[in-house]
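Coordinate inspection notes
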Amino acid sequence: MDLIVQTLPLLARGLAATFQLALITLAVAALISVVFGLMGTSRRRSLRWSAMAFVEFFRDIPLVVNLLFVYFGAPLVGVPLEPFWAAVVSLSSWGGANGAEIVRGGFNAVSKHQRESAAALGLKPWEVLYYVLAPQVLLPILPPFTGLFSILIQATSLASLVGALEFFRTAQIIVERATLMTGHSPAFAVFGFVLCVYFVICFSLATFTRRLERRLADRTSKRGMKVQSLKQEAAESI
Amino acid sequence: MSYDFSFSYIWGAGPDLMSGLWMTIRISLLSIVFSVVIGTVGAALRVFHVPGLSHLVAGYVNFIRSTPLLVQLFFVFYGLASIGIPISDFWSGVLALSLWGGAYNTENIRGGFLAIPKGLGEAAGALALRSSHYLLLIALPVGLRVSIPAMLNTSVSVLKNSAYLQAIGLAELTFVAMDRVAMDFRTLEMFAAIGAIYLALVLALSFSVRGIEHVLQKPFRAS
């Protein structure tokens, strides 16, 4: 316990790095989600299939393998990546693949007739997207995206595998040094503490997500259900 | 920058990859079986509102789902050893993966139990069935069927997440491949190989469970 109190400043810095990594990753993942999610709803088959290939590829290959590949593979094509940025690339493409399914589900849940009637009124495709679809889709996909954020916070712990100095890596280093100095490993207490911190953060986020869902549920009864089942799938992956 | 991709290198690494693959399969299968058992027990405890225990199960599920698997794994492998309970890397992996999958399966199977038509429960009550009989004769055969697709998702995740075990030095597929990369620097070959193997495993698992699902649904289809 003393050790944890002593190393609290270090752990706090690690936690800050974790949040930084998670936020940057979420931003990039959201961008990827929108692009590939929209491609997934496209009427053009080539677009739809390339979106599907992207999504399936990232969801079927273990995230660990994906991350190691980005980190060790990038130098081969002449772009050596720092651990932090390798994690951003790998986690955001993975999160983007999961997010794309959420976005696609949200758009598909809007009745087809609305698109058709909007088109019949002479709206251009981007106008249909901006005035008709987006306002209906943004709210119901908000809860699954907070869920995805919680998953990404957990997934950042993987960055420790390539040596990015985030929360978990900091804790590992503290355990290693303390073992060297005292001959006793404090792994149980330190890793237990780390687990509790992750729990407090992610469980609060999950509670917040549930509340958000309940609030939106009456506004978007049917769509909410559909998107929720997609979120369930995304939540499985980590 | 050109990179000469060598298929013969992958071929040469075949025996190593196969031993890693075998480890991955053994760990995954054991963990999937245990996670289904944990999930069934956990879901039964929650659905029947066993005093005390059902809250404990809810806490376990929330805790596992709100913490990273990698940290759970380190806690089991290094943490337990540091307080005098050393577990081998193999069984640490099985324990961590089973507890992780078990939490998700508890929710999956609970969903299946809750989907059982109310009339079946009432009929069981009218026949004065004991709850153990209700569980064995009605809840399990009907409820488990409903939760099979969700359990498939969890099983696929357990299989993919077995790659985490390379972090504690267990010689499974990813570890073996990384080991070769460290020796020979044939990065692209090794990642292409294990990527293809993982894809094949995931697809094989999906198909086999879809087959089982098909067989199980048989009595419920109109002939």
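Cut-offs used in this document
- Residues numbered from 1 in each chain as written.
- Chains lettered and ligands numbered in written order.
- Predicted model: local features only at pLDDT ≥ 70, side-chain atom pairs only at ≥ 80, totals over all residues.
- Heavy atoms only, no water.
- UniProt positions renumbered as here; feature names shortened; annotations may be inferred.
- Patch = residues over 30% accessible without salt bridge, like charges linked within 9 Å, V, L, I, M, F, W, Y side chains within 5 Å.
- Areas by Shrake-Rupley, 256 points an atom, 1.4 Å probe, with all protein chains shown as cover.
- Salt bridge = Lys/Arg side-chain N within 4 Å of Asp/Glu carboxyl O.
- Lys, Arg positive; Asp, Glu negative; His and termini not counted.
- Charge placed at Lys NZ, Arg CZ, Asp CG, Glu CD.
- Helix = DSSP H or I, 4+ residues; strand = E, 2+ residues; numbered from the N terminus.

- Going by what an unreviewed UniProt entry lists, chain B is known as Amino acid ABC transporter permease and is assigned to Kaustia mangrovi.
- Check the Sequence similarities (unreviewed entry) section of the UniProt entry for chain B; it says "Belongs to the binding-protein-dependent transport system permease family. HisMQ subfamily."
- Recorded under Function (unreviewed entry), the UniProt text for chain B is reproduced unchanged: "Part of the binding-protein-dependent transport system for glutamine; probably responsible for the translocation of the substrate across the membrane."

- As annotated in an unreviewed UniProt entry, chain A carries the name Amino acid ABC transporter permease and is attributed to Kaustia mangrovi.

Quick word on a positive patch on the surface
- Side chains of Arg210, Arg211, Arg214 and Arg215 of chain A sit close together on the surface and give a patch of like positive charge.
- Along the chain, arginine 215 of chain A falls in helix H10 (residues 187-217).

Observations concerning the UniProt feature "transmembrane region" (unreviewed entry) in chain B
All names here are of chain B.
- Here, the residues flagged by UniProt with the feature "transmembrane region" (unreviewed entry) are residues 20-48, 69-87 and 188-209.
- Measuring from the first to the last C-alpha atom of residues 20-48 gives 42 Å, for a span that is 97% helix and 0% strand.
- Secondary structure content for residues 69-87 is 74% helix and 0% strand, while the C-alpha to C-alpha distance between its ends is 17 Å.

Remarks on the UniProt feature "transmembrane region" (unreviewed entry) in chain A
Residues and elements named next belong to chain A.
- The UniProt record marks residues 20-40, 61-78 and 187-209 with the feature "transmembrane region" (unreviewed entry), using the residue numbering of this structure.
- For residues 20-40, the end-to-end C-alpha separation is 30 Å, with 100% helix and 0% strand making up the annotated structure.
- This span, residues 61-78, is 61% helix and 0% strand, and a straight line between its end C-alpha atoms measures 24 Å.

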